[in-house]
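Residue-level structural notes
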Amino acid sequence: MYFLNSKAKLGWIEVITGCMFAGKTEEFIRRVVRLSYAKYKIQIFKPSIDNRYAEEKVVSHSAKAIDAIAVLDSAELLTKLEPDTLVVGIDEVQFFDQNIVETIDSLANRGIIVIVNGLDKDFRGEPFLNVERLMSRAEEVKKLHAICVQCGNLANRTQRLINGQPANYYDPIVLIGEKDKYEARCRHCHEVTY
Ligand SMILES: [Zn+2]
């Protein structure tokens, strides 16, 4: 392919977001695999906080997996970035430090395609700031929804249950878990106790 601007470089941000059980990780893996067919050099990063399935992989609920590098924060991500990488995938971006937003923006400015996956809201229904800020900077935002397990409405919230009961507003934000602790619910059925 030939472009008029021969000095053109790539570089953009794609954000995949929504609540849990919406298929975000499936979509993330699909986009990464699609770029891998084009032989782009790809690196996938995830915060080392999330080890629910595999230390060095990103795994969807339906068990599709890709290799990932677990890093503590945005600074460590930059130290692990290889000079010829053209695509950076970042999973669970809501769990990174807040500098991840500027880091991602600068990667895109340098000509890197950044594909970001993350929850837009915590269990209380309030925004995760990293994702909120990235959505305004991104060239593309793909917001996925789930189906409310209570009523069948479109679900855009993640319900946290502790011993079967809605979690308290003041519980810690980060609690990694599976279906016994989280489910998709709509705006009407989502509950938080105080
Ligand atoms: Zn509902």
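Just so we're clear, the structure is a prediction, and the values are computed from it rather than from any experiment.

Under the UniProt annotation, "binding site: Zn(2+)" (unreviewed entry) lies at Cys-148, Cys-151, Cys-186 and Cys-189. The greatest C-alpha distance among the annotated residues, which extend across 42 residues, is 8.0 Å, indicating that they converge on a single site. One can find Cys-186 in the segment after strand S13 (182-185). Since its relative accessible area comes to 0%, Cys-186 is described here as buried. Along the chain, Cys-189 falls in the segment after S13. Setting aside its immediate chain neighbours within four residues, Cys-189 contacts Cys-148, Gln-150, Cys-151 and Gln-159.

As a general point, the strands of a sheet are linked pairwise by backbone hydrogen bonds and lie either parallel or antiparallel. Here three strands make up an open sheet; going across it, the order is S12-S11-S13 and the pairing antiparallel. Edge positions in the sheet fall to strand S12 (165-166) and S13, since each of these pairs with one other strand and no more. Bridge count between strand S11 (residues 157-162) and S12: two bridges; the pairing is antiparallel. Of the residues in S12, the one forming a bridge with Leu-161 is Pro-166.

Before going further, it helps to examine unusual backbone geometry. The backbone of Phe-21 shows a phi angle near 65 degrees, a positive value even though the residue is not glycine. Within the secondary structure layout, Phe-21 lies in the loop between strand S1 (12-18) and helix H1 (24-37). We note that Asn-163 has phi near 55 degrees; this positive angle belongs to a residue other than glycine. What makes Asn-163 exposed here is its relative accessible area of 77%.

Quick notes on the rules
Residues numbered from 1 in each chain as written. Predicted model: local features only at pLDDT ≥ 70, side-chain atom pairs only at ≥ 80, totals over all residues. Heavy atoms only, no water. UniProt positions renumbered as here; feature names shortened; annotations may be inferred. Helix = DSSP H or I, 4+ residues; strand = E, 2+ residues; numbered from the N terminus. Buried < 20%, exposed > 50% of the residue type's maximum accessible area, 1.4 Å probe, protein only. Contact = heavy atoms within 4.5 Å. Pairing = 2+ DSSP bridges.

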